[in-house]
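# Overview (structure and organization)
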Amino acid sequence: MGKAEQNKKRKHDALMATAFDLFSSKGMTNTTISDIAEKANVGKGTFYSYFKDKNDIRNHIIARSSAKIFLKAKEYVDSCPMEGRSVEEDIILMCDNIIDQLCEDKRTLSFISKNLSWGVFRNVLTNEEDTEGVNFPAVFKESFETSPVKYKDPLIMIYMIIELVNGSCYSSILYDEPLPIDKLKPYLFDSIRAIIERQEIKQ
């Protein structure tokens, strides 16, 4: 990577990190593009050379944060014994690891929970460009194509599971409500299994 590319990456990363800090501390509504550019030590025009608006940079932050979490979870699942494992077991293992990561990074949990939407989710899962080294569509396509069990709509199924984990874990991790996360997990995983089972195409 040449100096020009390094400089562009540095500015891009500075804008992303600054926006995340300001959105997390002040809220998106109370943060202006000028605030982000000033704190990142770049001109306001530089912001617009990378992002269209605040929504755009928010979506990029969610995509990058999700990719990092997902990559770690995938590495964990790949390190587990493979023999006889089903898609259902892979999803449960991945969700368990993702929950553990969010327990360690409550600020990211709060940000994603407040800002995740169907549009952002769909863009991440259907974007064939790698995000932090994770090609989301390819990973899910491979998992479902090699599974002996077929599902009606894998994309919708994964979205429902992510929304369930996202919504259930927020209060449980941050406030121990309605239960601490370790006690909530069995209920959560039972619900995930029920979602998966309902989506199975019966032979």
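Throughout what follows, the structure given in this document is the object of discussion. Everything numeric in this text was worked out from a predicted model, so none of it was measured. (Residues numbered from 1 in each chain as written. Predicted model: local features only at pLDDT ≥ 70, side-chain atom pairs only at ≥ 80, totals over all residues. Heavy atoms only, no water.)

### Considerations on the side chain of T31
Checked against the element boundaries, T31 lands in the loop between α1 (3–26) and α2 (33–39). By relative accessible area, which is 0% here, T31 ends up buried. A polar side-chain atom of T31 sits 2.8 Å from the main-chain carbonyl oxygen of G27. Apart from the residues within four sequence positions on either side, T31 is in contact with L22, F23, K26, I36 and K54. (Helix = DSSP H or I, 4+ residues; strand = E, 2+ residues; numbered from the N terminus. Buried < 20%, exposed > 50% of the residue type's maximum accessible area, 1.4 Å probe, protein only. Polar contact = N/O pair within 3.5 Å; in protein donor to acceptor, adjacent residues only side chain to side chain. Contact = heavy atoms within 4.5 Å.)

### Looking at the nonpolar core
Counting 29 residues, the largest nonpolar core has I91, I99, M157, I161, V165 and I192 as the members making the most contacts within it. Broken down by element, this core gets its largest block of residues, eight residues, from helix α5 (residues 87–104). When residues no more than four places from it in sequence are discounted, the contact partners of I91 are M157, I158, I161, I192 and I196. In this structure, M16, I33, V42 and I62 belong to the second largest nonpolar core, which totals 18 residues. (Core = buried A, V, L, I, M, F, W, Y, C linked by side-chain atoms within 4.5 Å.)

### Quick look at helix α4 (residues 54–79)
The end-to-end C-alpha distance of α4, which contains 26 residues, comes to 38 Å, matching closely the 38 Å that a straight helix rising 1.5 Å per residue would cover. Among all positions of α4, only D56, I57, R58, I61, I62, A63, S65, A67, I69, F70, A73 and V77 are buried. Regarding α4, its N-cap is D53, as a side-chain oxygen of that residue lies 3.1 Å from the backbone nitrogen of N55 further along. (Expected span 1.5 Å × (residues − 1).)

### Examining helix α10 (residues 181–199)
End to end, α10 covers 26 Å across 19 residues, agreeing with the expected 27 Å (1.5 Å per residue, within 8%). The set of residues buried in α10 consists of I181, L184, K185, L188, F189, I192, I195, I196 and Q199. Buried residues in α10 make contact with α5 and α9 (154–175).

### Points about the packing of α1 against α4
The interhelical angle for the contact between α1 and α4, taken along N-to-C directions, is 95°, at an axis separation of 10 Å. Comparing their axes, α4 and α1 come out roughly perpendicular. Along the contact surface, α1 presents H12, D13, L15, M16, A19, F20 and F23, while α4 presents K54, I57, R58, H60, I61 and R64. (Axes fitted to C-alpha atoms, helices over the stretch in contact; angles between N-to-C directions. Parallel < 35°, antiparallel > 145°, perpendicular 65-115°, else oblique.)

### Structural notes on the packing of helix α6 (residues 106–115) against α9
Running from N to C, α6 and α9 point in directions that differ by 140°, and their axes come no closer than 10 Å. What the angle tells us is that α6 and α9 run oblique. By crossing handedness, the relation of α6 to α9 is classed as left-handed. Facing K106, L109, S110, I112, S113 and K114 of α6, the residues of α9 in contact are N166, C169, Y170, I173 and L174. Looking at the contact of α6 with α9, its residues break down into six nonpolar, three polar and two charged. (Left-handed = near helix turned anticlockwise from the far one by under 90°. Nonpolar A, V, L, I, M, F, W, Y, C, P; charged D, E, K, R; others polar.)

### Observations regarding the packing of aromatic side chains
With the rule as written, the count across this model stands at seven aromatic pairs. Look at Y50 and F51: their rings are 6.4 Å apart centre to centre, the planes differ by 45°, and that puts the pair in the tilted class. Relative to Y151, the ring of F144 lies with its centre 5.6 Å away and its plane at 75°, an arrangement referred to as edge-to-face. With relative accessibility at 10%, the residue F144 sits in the buried group. Through successive ring pairs, a cluster of aromatic residues spans F47, Y48, Y50 and F51. (Phe/Tyr/Trp six-rings, centres within 6.5 Å; stacked < 30°, edge-to-face > 60°.)

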